[in-house]
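# Geometric and topological summary
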Amino acid sequence: MWTLVGRGWGCARALAPRATGAALLGGPGPRPAPTFGAAPESWATDRLYSSAEFKEKLDMSRFPVENIRNFSIIAHVDHGKSTLADRLLELTGTIDKTKNNKQVLDKLQVERERGITVKAQTASLFYNCEGKQYLLNLIDTPGHVDFSYEVSRSLSACQGVLLVVDANEGIQAQTVANFFLAFEAQLSVIPVINKIDLKNADPERVENQIEKLFDIPSDECIKISAKLGTNVESVLQAVIERIPPPKVHRKNPLRALVFDSTFDQYRGVIANVALFDGVVSKGDKIVSAHTQKTYEVNEVGVLNPNEQPTHKLYAGQVGYLIAGMKDVTEAQIGDTLYLHKQPVEPLPGFKSAKPMVFAGMYPLDQSEYNNLKSAIEKLTLNDSSVTVHRDSSLALGAGWRLGFLGLLHMEVFNQRLEQEYNASVILTTPTVPYKAVLSSSKLIKEHREKEITIINPVQFPDKSKVTEYLEPVVLGTIITPDEYTGKIMMLCEARRAVQKNMIFIDQNRVMLKYLFPLNEIVVDFYDSLKSLSSGYASFDYEEAGYQTAELVKMDILLNGNTVEELVTVVHNVKAYRKNVLAKCYGGDITRKMKLLKRQAEGKKKLRKIGNVEVPKDAFIKVLKTVF
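Residues numbered from 1 in each chain as written. Predicted model: local features only at pLDDT ≥ 70, side-chain atom pairs only at ≥ 80, totals over all residues. Heavy atoms only, no water.

## Describing the overall build of the protein chain
- Along the protein chain, the regular secondary structure elements total 15 helices and 32 strands.
- Counting over 627 residues, the protein chain shows a buried share of 53%.
- At a minimum sequence separation of 6, the contacts of the protein chain that also span at least 24 residues come to 71%.
- Accessible area for the protein chain stands at about 30,000 Å²; split by element, carbon and sulfur atoms hold 50% of it. (Helix = DSSP H or I, 4+ residues; strand = E, 2+ residues; numbered from the N terminus. Buried < 20%, exposed > 50% of the residue type's maximum accessible area, 1.4 Å probe, protein only. Contact = heavy atoms within 4.5 Å. Areas by Shrake-Rupley, 256 points an atom, 1.4 Å probe, with all protein chains shown as cover.)

Here is the structure:
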């Protein structure tokens, strides 16, 4: 692979966002620019360097602030973010162009197996345009609602975003959510309509949707096929023209934001940092604003997309830093790093992620407790949105109560434990966090607050001790073809949802807004929605506080004792028993009396038998079935 360091191939033609899909695919209209490996003869005099040579000579001071662009790719799941990232890496010579370039930035096994991005990944691209060498720091983000915290963290290191929309599916629920994350962060938004090569693609319809919902003029949309590479170079030019450089000061003392981190068993914590002020280099002594501990920098560099050490990192740049942090608790996401004896005002950091789903986690064998504890600590460093509380169970032993952002988040965390740390665990039935307003001053004094939060159903207080229960609610967004609207409305009403809004985003698609009790959507709502809409509806939600609810703790008893692992909180369900008369449709009353008498005798016999012992394996099987 060769990198051009003369006139930039990327600026060989003007940006043509209004070109039609047919024209971009080879019909009438402007043709796409040549890609690397196919340089015109007229450019033969430009000097070429090999990638290896280019990286060896890499000097980060060559990139002044005005030549830096920090941006993320955001989209609904499966709209082509990772494919676009692959093409951008190829066009800038960051990776060789081969048929095997699929999800290059998706490094986790779980991401490749599921075909989704669950962890934001960074890559520094070097791009030549009009004789200037640009540093483009790209962050590829997840698309599923459960990983929106990853998106919000990534945006803190950016000045703009590429908002990718599928030319066939159009705007989906997570497209809307991600747009408003970028809008609230006051970032420049470049709409990119992808998959124009599909048979049913309708980029003009998607343009109108973008203009109607986001108030972005349709002529600002860039139409591409990331799979074929069609018009992708226009995206790079738009990044340079439409996204501003970072506002930083290199002469000020160092201020670096830790926006992500991973743990290496040999080198310790590897922190992903965005520099807002100053310079950092190998050998510097730095201080953590969170822990006030001092460290010596062992290595700094950029991700290209693999680690590429450099002598220094400068304000406005995004890279990684290793400073001998051996304890996973020392690297806090959102922390500010500064030079020793040069204290600065810490950066705002991030809002703490609020878990939406809680579940108990236990080792299959208690002898594996310490190994699982170490694995959870290391994985939560890489995924700081997970909360951990110690817990114990009579049947399953010592464990933890973990909080997640959703069910998929929980499944992925569990899968990563198995794949990356060879840990086998038991997960209890997921629940949501409830609140209770205590009724007596004695209880308030005992808990030190009037309103308590319950993350474990076993601790759910009796009605005699509270004045009211509160359940979490979310504002859900559903985007669907209008032909399924009636069925979806019935589903929402069955889940105790309240309609808040309904908007037709075009002639065939409608956006519904509902206020849902979180407990009603956390387990199987998404599957039901996909089934009703033949897979066409999309769903996203955001936290909307709490509301008063009629709640009750449902115990499952064995030998008259509560089985803690199976306790759950439900909405006002009446107690019921087996109806032995259900098969009687009339006839003599004596037949009914005979059945009731037989039932009473069975209960009497059961009490005489005594207790039943249930092995641990039975609990595990029940929990897996319930989940």
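## A look at the pairing of strand 5 (residues 132–140)
- Of all the nine residues making up strand 5, eight are buried; the element is thus mostly covered by neighbouring parts of the structure.
- Here six bridges tie strand 3 (residues 68–75) to strand 5, and the two strands are oriented parallel to one another. Of the residues in strand 5, the one forming a bridge with Phe71 is Leu138.
- In this antiparallel pair of consecutive strands, strand 4 (residues 121–129) and strand 5, the connection spans two residues, and Glu130 shows a positive phi of 55°. (Pairing = 2+ DSSP bridges.)

## Brief notes about the pattern of salt bridges
- Inspection of every chain in the model, using the stated rule, returns 14 salt bridges.
- The closest approach of N and O atoms between Glu420 and Arg416, which form a salt bridge, is 2.7 Å. Placement of both Glu420 and Arg416 in helix 10 (residues 407–421) is noted, with a separation of four residues, approximately one turn of the helix.
- Here Glu420 falls in the partly exposed class, since its relative accessible area comes to 35%.
- Between Arg496 and Glu520 there is a salt bridge, with the nearest N and O atoms lying 2.9 Å from each other. Of this pair, Arg496 sits in the loop between helix 12 (485–494) and strand 26 (498–504) while Glu520 sits in the loop between strand 27 (509–517) and helix 13 (525–532), and the two are 24 residues apart along the sequence.
- According to the relative accessible area criterion, Arg496 is partly exposed, its value standing at 24%. (Salt bridge = Lys/Arg side-chain N within 4 Å of Asp/Glu carboxyl O.)

## Here we look at the nonpolar core
- Grouped together as the largest cluster of nonpolar side chains are 53 residues, with contacts concentrated most on Leu417, Ile478, Phe516 and Phe525.
- A total of five residues in this core trace back to one element, the largest contributor, which is helix 9 (residues 369–382).
- Judged by nonpolar contacts, the second largest core, of 30 residues, contains Leu89, Ala123, Ile224 and Ile243. (Core = buried A, V, L, I, M, F, W, Y, C linked by side-chain atoms within 4.5 Å.)

## Structural notes on the confidence of the model for the protein chain
- Here the protein chain shows a mean pLDDT of 80. Residues at 70 or above account for 79%.
- Counting interchain partners and residues more than four positions distant, the pLDDT-below-50 stretch residues 1–10 has 50 contacts.
- Here residues 12–55 scores under 50 on pLDDT; set against residues more than four positions off or in separate chains, the count is 89 contacts. (pLDDT = per-residue confidence, 0-100.)

## A word on helix 6 (residues 173–184)
- For helix 6, which comprises 12 residues, the first-to-last C-alpha distance of 17 Å matches the rise-based estimate of 16 Å (1.5 Å per residue) to within 8%.
- Every buried residue of helix 6 is accounted for by Ala173, Gln174, Thr175, Val176, Ala177, Asn178, Phe179 and Ala182. (Expected span 1.5 Å × (residues − 1).)

## What about the sheet that holds strand 20 (residues 387–393)?
- Across the sheet, which stays open at both edges, the four strands sit in the order 20-21-19-22 with antiparallel pairing between neighbours. Strands with a single pairing partner mark the edges of an open sheet, and in this sheet they are strand 20 and strand 22 (425–427). Here the average twist between neighbouring strands, direction ignored, is 30°.
- Of the strand pairs in this sheet, strand 19 (residues 357–363) and strand 22 are connected by three bridges, and their pairing is antiparallel. Pairing of Pro363 across the sheet is with Val425, part of strand 22. (Axes fitted to C-alpha atoms, helices over the stretch in contact; angles between N-to-C directions.)

## Quick look at the environment of Pro244
- Checked against the element boundaries, Pro244 lands in the loop between helix 8 (232–242) and strand 9 (255–264).
- Here the alpha-carbon distance between Pro244 and Glu66, two residues 178 residues apart in the chain, equals 8.2 Å.
- With residues near it in sequence (within four places) discarded, Pro244 still touches Arg69, Gln159 and Ser188.

## A look at the packing of helix 5 (residues 148–155) against helix 6
- Where helix 5 contacts helix 6, the two axes come as close as 10 Å, and the packing angle between them is 30°. Compared by their axis directions, helix 5 and helix 6 come out roughly parallel. Here the hand of the crossing between helix 5 and helix 6 comes out right-handed. Side by side, helix 5 and helix 6 meet where Ser148, Val151, Ser152 and Leu155 of the first sit next to Gln174, Asn178, Leu181 and Ala182 of the second.
- Per-class residue counts for the contact of helix 5 with helix 6 are four nonpolar, four polar and no charged. (Parallel < 35°, antiparallel > 145°, perpendicular 65-115°, else oblique. Left-handed = near helix turned anticlockwise from the far one by under 90°. Nonpolar A, V, L, I, M, F, W, Y, C, P; charged D, E, K, R; others polar.)

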